[in-house]
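# Examination of the molecular architecture
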Amino acid sequence: MKTALITGASSGIGLEFARLFAHVHYNLVITARREKKLRDIAQQLENDYAVNVTVIPLDLAKPDAPDELYNSIKEKKITIDALINNAGYGYHGSFKDTDWTKEQDMIRLNITALTHLTKLFVKDMLERNEGKVLNLSSTAAFYPGPNMAVYYATKAYVQSFTEALSHELKDSGITVSVLCPGPTDTEFQERAGVTDSALFSNGMMPVASARKVAKIGYEGLMKGKIVIIPGVFNKLSAWSSGITPGFISKRVIESLHE
Ligand code: NAP
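Residues numbered from 1 in each chain as written. Predicted model: local features only at pLDDT ≥ 70, side-chain atom pairs only at ≥ 80, totals over all residues. Heavy atoms only, no water.

Across the sheet, 7 strands lie side by side as β3-β2-β1-β4-β5-β6-β9; this open sheet has parallel pairing. Every interior strand has two partners, whereas the edge strands, β3 (53-55) and β9 (227-228), have only one. Docked against the sheet, helix α1 (residues 12-23) engages β1 (3-7), β2 (27-31), β4 (82-85), β5 (131-136) and β6 (174-179), running at close to 170° with respect to β1. (Pairing = 2+ DSSP bridges. Helix = DSSP H or I, 4+ residues; strand = E, 2+ residues; numbered from the N terminus. Contact = heavy atoms within 4.5 Å. Axes fitted to C-alpha atoms, helices over the stretch in contact; angles between N-to-C directions.)

Ranked by internal contacts, the top residues of the largest apolar core, which has 49 residues, are L5, L60, L69, I73, I80, L83 and F121. Put simply, the parts of the chain that give this core at least two residues each are α3 (65-75), α4 (100-128), α5 (149-168), β6, α7 (198-201) and α10 (246-256). Broken down by element, this core gets its largest block of residues, 9 residues, from α4. Excluding anything up to four places from it in sequence, I80 contacts T3, L5, V29, I73, F121, M125 and R128. The next biggest cluster of nonpolar side chains, apart from the first, holds 32 residues, and it includes L20, L38, V51 and A214. (Core = buried A, V, L, I, M, F, W, Y, C linked by side-chain atoms within 4.5 Å. Buried < 20%, exposed > 50% of the residue type's maximum accessible area, 1.4 Å probe, protein only.)

On the surface, a cluster of nonpolar side chains totalling about 480 Å² of accessible area is made up of V232, L236, W239 and I243. In this fold, W239 is placed in helix α9 (residues 232-240). Given the relative accessible area of 57%, W239 is considered exposed. (Patch = residues over 30% accessible without salt bridge, like charges linked within 9 Å, V, L, I, M, F, W, Y side chains within 5 Å. Areas by Shrake-Rupley, 256 points an atom, 1.4 Å probe, with all protein chains shown as cover. Salt bridge = Lys/Arg side-chain N within 4 Å of Asp/Glu carboxyl O.)

Just geometry here; none of it tells us what the structure is for.
Below, the structure is given as C-alpha cells:
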C-alpha cells in the first residue's frame, strides 16, 4: 500500500485530502498542531477505510519541525509516495499595524516548512524515481494583496517555487503540482480575520466547499497536472491577472479585504 503525508490535516482542505487518500486505500501520515483532533480523525479513517494512519503532531512554524517530521517517518520505516504540503494560514491587516511574530510564523509555515519538506522528501523520491508532491497555493498567488500583503506574497512564492521545481523534475518519475483555490469554506477565514471582509461576506465571490477543492486537487495531482485551479471563476481570475493593470487589481483587492 502507498502512503500519503498530509500537513494541516486537522481541518479544512487537508482533512478532505486525508479522506480522499484513505478512500483509495493509501495509508496516511497526518500532521498539524491539534493532537486530539488528529487522533480522532485517524481513528475514524482507520475504521471507515481499513488503512493505517500515523499521527505526528507538530508546529511546523518551528524551524526544526520539518527535520523532526522527516526523521520520525524514517524511524517508523514509512515510505512517502505522496507529499501534500497543505498547512498554511492567512493574516489580515494593514502591514504597518500587523504583528511581526504572527507574520514571521506564517512565512515559516507557508514558505519555509513547505520548501524544507519538499527538499527532504523529493530526495528520497528521486532515489526511487517515483513520487507526487502537491503544494497549496491560492488564487492570491496571482496578485499583490493590499491588507493581506504578506499572505499573498507567501502564495506567490509557493506558485513560483512549485512551477520551477516541476520543470526541473520533468524528466523524472516525480510530479510536482500546485493547487490554487479561491475562497473556500474552512477555518481559514476565522484564523485570518477575514470573516467579515467583502471577499467572504457579501456573496460577490463564489465560496467552494473544502471537499470539492480537495477532490479537484486530488484528480489534478493524479493526472500529473502542474497548475490546478478549481472553478471557472478562479481560472478567469488567474488568467486576467496577466492583462489587468496593477493599479486596478490592487484597488479591487484592497477593497475586498477592507
Ligand atoms: P484551515 O481549515 O484553517 O486548515 C489549516 C490547517 O493547517 C489546519 O489543519 C491547521 O491545523 C494547520 N496548521 C496551521 N498552522 C499550523 C502550524 N503552525 N503547524 C502545523 N499545522 C498548522 O484552512 P484551509 O483553508 O483548509 O487551509 C489549507 C490551505 O489552503 C492553506 O495553505 C491555505 O493558505 C490554502 N488556501 C485556503 C483558501 C480558503 O479560502 N480557505 C483559499 C486558498 C488557499 P492546527 O491548527 O491543528 O495546527
